[in-house]
Structure formats: structure tokens, C-alpha cells
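Summary of the model geometry
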Amino acid sequence: MTQATARHLLVSSEEKCDALKQEIMGGADFADIAKANSSCPSGAQGGDLGSFGPGMMVKEFDEVVFSAPLNEVQGPVKTQFGYHLLEVTSRD
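We now turn to the structure provided with this report. (Residues numbered from 1 in each chain as written. Predicted model: local features only at pLDDT ≥ 70, side-chain atom pairs only at ≥ 80, totals over all residues. Heavy atoms only, no water.)

**Remarks on the overall build of the protein chain**
Within the protein chain one finds three helices and four strands. Ordered by position from the N terminus, the helices and strands of the protein chain form the series β-α-α-β-α-β-β. On C-alpha atoms alone, the protein chain measures out to a radius of gyration of 12 Å, which is about the 12 Å that the 2.2 N^0.38 rule sets for 92 residues. The dimensions of the protein chain, computed from C-alpha atoms along their principal axes, are 35 × 25 × 20 Å. When each of the 92 residues of the protein chain is scored for burial, the buried share is 41%. Excluding contacts between residues fewer than 6 apart, the proportion of contacts in the protein chain whose partners are at least 24 apart in sequence is 57%. Total accessible area computed for the protein chain in this model is approximately 4800 Å², and 50% of it derives from carbon and sulfur atoms. (Helix = DSSP H or I, 4+ residues; strand = E, 2+ residues; numbered from the N terminus. Rg over C-alpha atoms; globule rule 2.2 N^0.38 Å. Buried < 20%, exposed > 50% of the residue type's maximum accessible area, 1.4 Å probe, protein only. Contact = heavy atoms within 4.5 Å. Areas by Shrake-Rupley, 256 points an atom, 1.4 Å probe, with all protein chains shown as cover.)

Dropping the structure here:
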């Protein structure tokens, strides 16, 4: 089964998500932005979600994680939890 590793951050608004994406695209460190802004407990680890397979995350998240290019910030991705930025760090 395919496995992926990814990191993400979670915020409550699309506007905040867009602003944080611009900071990261401008050179800010994803992990630092996640630690400072993410409402998900994974934010304490810079947004690191570890390794997981298809179906282990919500559908909207899975669709991006298992199709997006590696090491490129994706989002905002809306789920029932809020708005995410995600970066797939490996997939095999």
C-alpha cells in the first residue's frame, strides 16, 4: 500500500491560510509558521503528520496528499476542520 509523509498547518479562515502561504512562498520556514499559527496539535512538531496511507485522513486531505507534487506547498484545502496548507514530503 502507498504510504506518504506530510506536514500541514490548520487555521480557521481561508484568508489566514492564503496569507501564511504567501509567507512560506516568500521564504518563511513551513515548520516555524506551523508552530506559530496552526490550531492542530501537530503544529508543535512543525506540522509533521508522520507516515500514513490512503483513507487514514479526511477525503479532501487524501486527494491532495496522494496526487500533489512532493515538497510543494498546497492549499488552502478546506475540510470540516478548517483550512489547511500541506506539503507532501515523501510518497512510496
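From this point, the discussion proceeds with the structure in view.
**Considerations on the nonpolar core**
If you look at the biggest cluster of nonpolar residues, it comprises 11 residues: L9, V11, C17, L20, I24, F30, I33, A34, V73, Y83 and L85. Looking at this core, the elements that each hand over two or more residues are β1 (4-11), α1 (14-25), α2 (30-37) and β4 (82-91). Non-local contacts of L9, meaning those with residues more than four positions away in its chain, are made with L20, I24, F30, I33, A34, S38, Y83, H84 and L85. A6, A68, V77 and V88 belong to the second-largest nonpolar core, a separate cluster that totals 10 residues. (Core = buried A, V, L, I, M, F, W, Y, C linked by side-chain atoms within 4.5 Å.)

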